[in-house]
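Here is how the chains run, residue by residue.
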Amino acid sequence: MNARGWSLPAAGLLAALVLATAATGVPSNAGPPAQVPHVGAVEPAAEATALRNAIVLVVDDMGDFACADAAEFLPRSSAWLSERGTCYERATTATPVCCPARAQIQTGQLPHNNGVRSQASARAFHGRDTVQFDLSRAGIRTYGTGKNLSGVDVADYYGPGAIETGFDDFDFWSSFASAPGSFSLYDDRGRPYRPTDGLTSTETTGRFLAQRLDAHLAAGDRFFLYGAFFAPHKQGTGMGTADLPEPSPAHAEDPVPPFEWLAEPDAKDKMARFAYPPRQPRSYYEELWAARIRSMYDVDDQVAALFGRLEQAGALQETAVIFVSDNGYADRGQSNWEGKSTPYPSSTDIPMLAYLPGEQPGVSTAPVGLIDVAPTVYDVLGVEPEHVVDGRSLLSAQRREDEFFEFAKDDSDIAIGESGVAASRLPSWAMVKHDGAAYVEFYRPDRSLLRREYYAGDDPEMTRNLLYRGDHHPSPAPEILRDLQDRIRRYAACAGTAETGSLRPCP
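The shown structure was predicted, so the numbers you read here are calculated from the model rather than taken from an experiment. (Residues numbered from 1 in each chain as written. Predicted model: local features only at pLDDT ≥ 70, side-chain atom pairs only at ≥ 80, totals over all residues. Heavy atoms only, no water.)

S.K.: Explanation requested: the pattern of salt bridges in the structure shown.
M.R.: It is possible for side chains bearing opposite charge to pair when their charged atoms get close. Enumeration according to the criterion identifies 33 salt bridges in this entry. With its nearest N and O atoms 2.7 Å apart, the salt bridge here joins Arg-400 to Asp-372. Of this pair, Arg-400 sits in the loop between α11 (373-381) and β13 (402-407) while Asp-372 sits in the loop between β12 (368-369) and α11, and the two are 28 residues apart along the sequence. The buried category is assigned to Asp-372, whose relative accessible area is 2%. One salt bridge connects Glu-401 with Arg-487, and the closest N-O pair in it is separated by 3.4 Å. Here Arg-487 lies in helix α14 (residues 478-491) and Glu-401 lies in the loop between α11 and β13, a separation of 86 residues in the sequence. (Salt bridge = Lys/Arg side-chain N within 4 Å of Asp/Glu carboxyl O. Helix = DSSP H or I, 4+ residues; strand = E, 2+ residues; numbered from the N terminus. Buried < 20%, exposed > 50% of the residue type's maximum accessible area, 1.4 Å probe, protein only.)

S.K.: Any chance you could explain the sheet that holds strand β9 (residues 319-325) here in plain terms?
M.R.: Note: strands within a sheet are paired through backbone hydrogen bonds, in either parallel or antiparallel orientation. Strand order in the open sheet formed by eight strands is β5-β4-β8-β1-β9-β10-β2-β11, and the pairing between neighbours is mixed. Each end of this open sheet is capped by a strand with a single partner; those strands are β5 (169-172) and β11 (362-364). Mean inter-strand twist for the sheet, computed between neighbouring axes without regard to direction, equals 15°. Taken together, the seven bridges between strand β1 (residues 53-59) and β9 define a ladder with parallel strand orientation. Following the sheet pairing, Val-58 is matched in β9 by Val-324. (Pairing = 2+ DSSP bridges. Axes fitted to C-alpha atoms, helices over the stretch in contact; angles between N-to-C directions.)

S.K.: I'm lost on unusual backbone geometry in this one. Help?
M.R.: Trans is the common state for peptide bonds, and a negative phi is the common state for residues other than glycine. Looking along the chain, the bond that leaves Ala-231 and enters Pro-232 is cis, with omega of 0°. Positionally, Pro-232 belongs in the loop between β8 (223-228) and α8 (272-275). A positive phi angle is found at Arg-447, which is not glycine, with a value near 75°. As for its placement among the helices and strands, Arg-447 is situated in the loop between β15 (437-443) and β16 (449-455).

S.K.: Would you explain the pairing of β9 in this entry?
M.R.: Where burial is concerned, most of β9 is hidden: seven out of the seven residues are buried. Side chains Thr-319, Val-321, Phe-323 and Ser-325 of β9 all project onto a buried face; the interleaved residues Ala-320, Ile-322 and Val-324 project onto the opposite face, where all are buried too. Relative to strand β10 (residues 352-355), β9 is paired through four bridges, and the arrangement is antiparallel. Within the sheet, the bridge partner assigned to Phe-323 lies in β10 and is Leu-353.

S.K.: I would appreciate a short explanation of the environment of Phe-259 in the present structure.
M.R.: Tracing the backbone through its elements, the reader meets Phe-259 in the loop between β8 and α8. With relative accessibility at 18%, the residue Phe-259 sits in the buried group. In this structure, the C-alpha to C-alpha distance between Phe-259 and Glu-286, residues 27 residues apart in sequence, is 6.5 Å. Setting aside residues up to four positions removed in sequence, Phe-259 forms contacts with Arg-282, Tyr-285, Glu-286, Trp-289, Asp-331 and Arg-332. (Contact = heavy atoms within 4.5 Å.)

S.K.: Where do I start with the packing of helix α7 (residues 201-219) against helix α9 (residues 282-312) in this structure?
M.R.: Two measures define how a pair of helices packs: the angle their axes make with one another and the distance between the axes. The interhelical angle for the contact between α7 and α9, taken along N-to-C directions, is 10°, at an axis separation of 9 Å. Classed by the angle they form, the pair α7 and α9 counts as roughly parallel. Touching Thr-202, Glu-203, Gly-206, Arg-207, Leu-209, Ala-210, Leu-213, Asp-214 and Leu-217 of α7 are Asp-298, Val-299, Gln-302, Leu-306, Arg-309 and Leu-310, all from α9. Along the lines of polarity and charge, the residues of the contact of α7 with α9 split into seven nonpolar, three polar and five charged. (Parallel < 35°, antiparallel > 145°, perpendicular 65-115°, else oblique. Nonpolar A, V, L, I, M, F, W, Y, C, P; charged D, E, K, R; others polar.)

As structure tokens, this is what we get:
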């Protein structure tokens, strides 16, 4: 049940962090900155008192980490997100690629319901079926900045006939570069320009968020801010050191957590593209690992600065802050792969942390997902969705029995630019996880079954496919496979949740 109202412990270290954040956060040279029935309505937490504000912060391609290691990857902001917040050990994305993931965050729906199944289908996104649109209707000011849907030309968000984002106001851009002067911003008429302020895209996203936060605090508005950082995405999709993320000079030489090589020496039980050792040597992955984490330290600075501003303004205890990645990323040779888009944990598992005032801090082992972000925002702000949502509030007492995943093959130029050529050749797939076991189906273009894989509950990293005939593993019983097949079929057409009366509930 909801525990909102419990007091949080004070910490002397935290006060020092607040002062340091206020002094060193965002650069000082910043400039101005269809309705359907409620079968998916959010189940409210018991005895809840609505907060005034919410902030959702999204990073791009950040690999998952254990909650116990949060301070190693988010050394400053973990003081709020982890020590005073909740870290979700079993957080996932239903579709491990950019556009579908971000649509899940903003709609609370699975891809087959919000229409954004792939990068190329980003234009199917409906701005009115979003948490930001509903909050705006309820009188809460909404603002988004950073990277939105890479399948939509950013210029199409501006000017006559603009695509609706659902936000009252926004500053979005799409780029595969983050160094100062290497990316374009857009004016209010959709005309691109290169900033000359010497800031990285991470600093620019933080600057826009900070300025909008300050403006809403000064005006006394209720607000919802959505900030999408480009880091730690690579500067391109090649597999060379020229494409590595570029951390700022402040973190370019920082020590990083130890590197662990996770390539699979024997993966003949997987599809051919995963069966062979990675093309690049271990040394390349070590460089990639370090560059990605150092670029995250830049994001961490900006997130800590936002918390410092909230604390100084006395607004922290009335503002929820949720931090997530859109998908995971294989950056240590996992599944003999680099990147995302696969049904394996390196792609589907994500970091998720939340500062929810009044909640007891700690670690949650409940299975949660990106589709739960919007329902949580609705819940804590006391607003009802005007469209069906498939997720649940993170404060709900309900736990998932299953986890469902779906991925649509996408060989468009958009997908290749975002995820690379290798990912564009992956077939469509769907997966269900039940009682710890994972069952995957790969499909041909006509949706006929191409291949099946099954991983037992004692193999969470999915390294031993028990349906591979070349090994003498104990195969699952036929009735178990039939049950899992049935679950995939049901979830592929699900909408809403059981507790809100859906006849085809999602897990």
